[in-house]
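Observations on chain architecture
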Amino acid sequence: MTALNPVIGRFVGSVKEDWLDFMLAHIDPMLTVKRVLAKVVAITDETQDIKRFVLQPNKHWQGFQAGQFVSVRIMINGSFHERCYSLVSAPTDSVIELGIKRQPKGKVSNWMHDNLNIGDVIELGAVGGDFKLPETLPSKMLLIAGGSGVTPIYSLLVEALKRQPNADITVVYYVNTDRDLAFGNEMVELATKHRSLKLQYVLATSGDAGRFSHKQLADVCPDFTERHTYLCGPQGLMGAVTKVWAEQGISEKLTQEVFGLPAVDPNKPVNEMPITLRRSQQLLLNTKPTLLESAEAGGAKPAYGCRIGMCKTCSCTKVSGVVRDVITGAIDDQPNTQIRICVTEALSPVTLDI
């Protein structure tokens, strides 16, 4: 590989990078000019619908911080599809690990569960996300996870204990049944090693005791108002937790990772108004909950990745118009701003630089 570097250096400026990558793949499928590729070295079943994929990235991998995600780019039936998945391995590991849940209608997650094999090579995109620990750990922490939202929570837990082995941490993990506990064995091992770590597994099959509420949380973590909390899970859980924290006046102590889009009210009318794609000179009609969906319904093919506002692949310039971010609720009425069309709804006629 070292001997090829001078060759790449001489020709990369005059040869298209994708063509050069194609030629290099005949020598070594992991060899590229710039793209990050990763070989699948292990696959295990974590739960009935979550698989753990262990990947060995090539030399272009730049690393990550605990709690962050990486975009995965997969070709399915001749088209590329991109999704973001949380990294659950330690940032210092030589391999990286993804915990991927099979989504009922998830094109990429289902393909990976059914078709990805050991020895296959996939492409990785950008690493991102602000769901990270501060340089100085809070004196007391509460980690709340729901379902597959445990993936970044587990990553934060491992990192926190690595940095401060006696850290005062409580984990509250909500799942449907004990068969749905991901990383359960690892967390029990951590609790055995680190006596300051307290684990609380909450099963939906336990009735009221298995559903989040102010009382339920106070029963398992009486001092939750004193702890800095990290939260990731389904929208219902996140909304309920956010409400309790607001009622207690401690919203500043809550850090959360958005894990999906808010549920769409099927009875909510969509404001039908024109959407102009300036560069492609297309005039469309807003008929769907987001600008991305409306553009696709009108026959346009804008770039996208995760479709939940994380990877920023769909980011573009809003030339004019009033829009709202469906995750944060923020309204943008200024010209020439950057928006993520996968999580943005139109409130007026909109012109996009696409």
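Residues numbered from 1 in each chain as written. Predicted model: local features only at pLDDT ≥ 70, side-chain atom pairs only at ≥ 80, totals over all residues. Heavy atoms only, no water.

1. Structural notes on the nonpolar core
Which entries qualify depends on this criterion: We define a nonpolar core as any set of buried Ala, Val, Leu, Ile, Met, Phe, Trp, Tyr and Cys residues linked to one another through side-chain atoms lying within 4.5 Å. Each residue is assigned to one of three classes by its accessible area relative to the maximum for its type, calculated with a 1.4 Å probe on protein chains only: buried under 20%, partly exposed between the two thresholds, exposed over 50%. Only DSSP runs of H or I with at least four residues qualify as helices, and only runs of E with at least two residues qualify as strands; both kinds are numbered from the N terminus onward. Throughout, a residue-residue contact means that at least one pair of heavy atoms, one from each residue, lies within 4.5 Å.
Core analysis: the biggest nonpolar cluster contains 30 residues, and Leu-157 and Ile-169 have the highest contact counts within it. Elements that contribute at least two residues to this core include exactly β7 (140-146), α4 (150-163), β8 (168-175), α5 (184-193) and β10 (228-232). Broken down by element, this core gets its largest block of residues, seven residues, from α4. With residues near it in sequence (within four places) discarded, Ile-169 still touches Met-141, Leu-143, Leu-157, Ala-160, Leu-161, Ser-196, Leu-197, Lys-198 and Arg-227. Counting 21 residues, the second-largest nonpolar core is a separate cluster that includes Phe-64, Ile-74, Tyr-85 and Leu-116.

2. Notes on the sheet that holds strand β9 (residues 197-203)
Worth spelling out the cut-off: Strand pairing follows a simple DSSP-based rule, namely that at least 2 bridges must link the two strands. Note on geometry: axes are lines fitted to C-alpha atoms, helical ones only across the stretch in contact, with angles between N-to-C directions running from 0 to 180 degrees.
Spatially, β9-β8-β7-β10-β11 is the arrangement adopted by the five strands of the open sheet, whose pairing is parallel. Unpaired on one side and paired on the other, β9 and β11 (254-257) mark the two borders of the sheet. The mean inter-strand angle of the sheet, taken between neighbouring strand axes irrespective of direction, is 15 degrees. The sheet contact formed by β10 and β11 spans four bridges and is parallel. Residue pairing for β11: Cys-232 is matched across the bridge by Glu-257.

3. Remarks on the side chain of Ser-109
Mapped onto the elements of the fold, Ser-109 is located in helix α3 (residues 107-115). On the accessibility criterion, Ser-109 (3% relative accessible area) is buried.

4. Brief notes about the pairing of strand β4 (residues 79-86)
Buried residues dominate β4, accounting for six of its eight residues. Both strand β3 (residues 69-76) and β4 contribute to a ladder of eight bridges, which runs antiparallel. Paired with Val-70 across the bridge in β4 is Tyr-85. Hairpin geometry of β3 and β4 is characterised by an intervening segment of two residues between the two adjacent antiparallel strands and by a positive phi of about 55 degrees at Asn-77.

5. A closer look at α4
Applied cut-off: Here the expected span of a helix is defined as 1.5 Å times the quantity of residues minus one.
The end-to-end C-alpha separation of α4 is 20 Å, in line with the 20 Å expected for 14 residues at 1.5 Å each. Of all 14 residues in α4, 11 are buried; the element is thus mostly enclosed. Looking at α4, one finds that the buried residues are Val-150, Thr-151, Pro-152, Ile-153, Tyr-154, Ser-155, Leu-156, Leu-157, Glu-159, Ala-160 and Leu-161.

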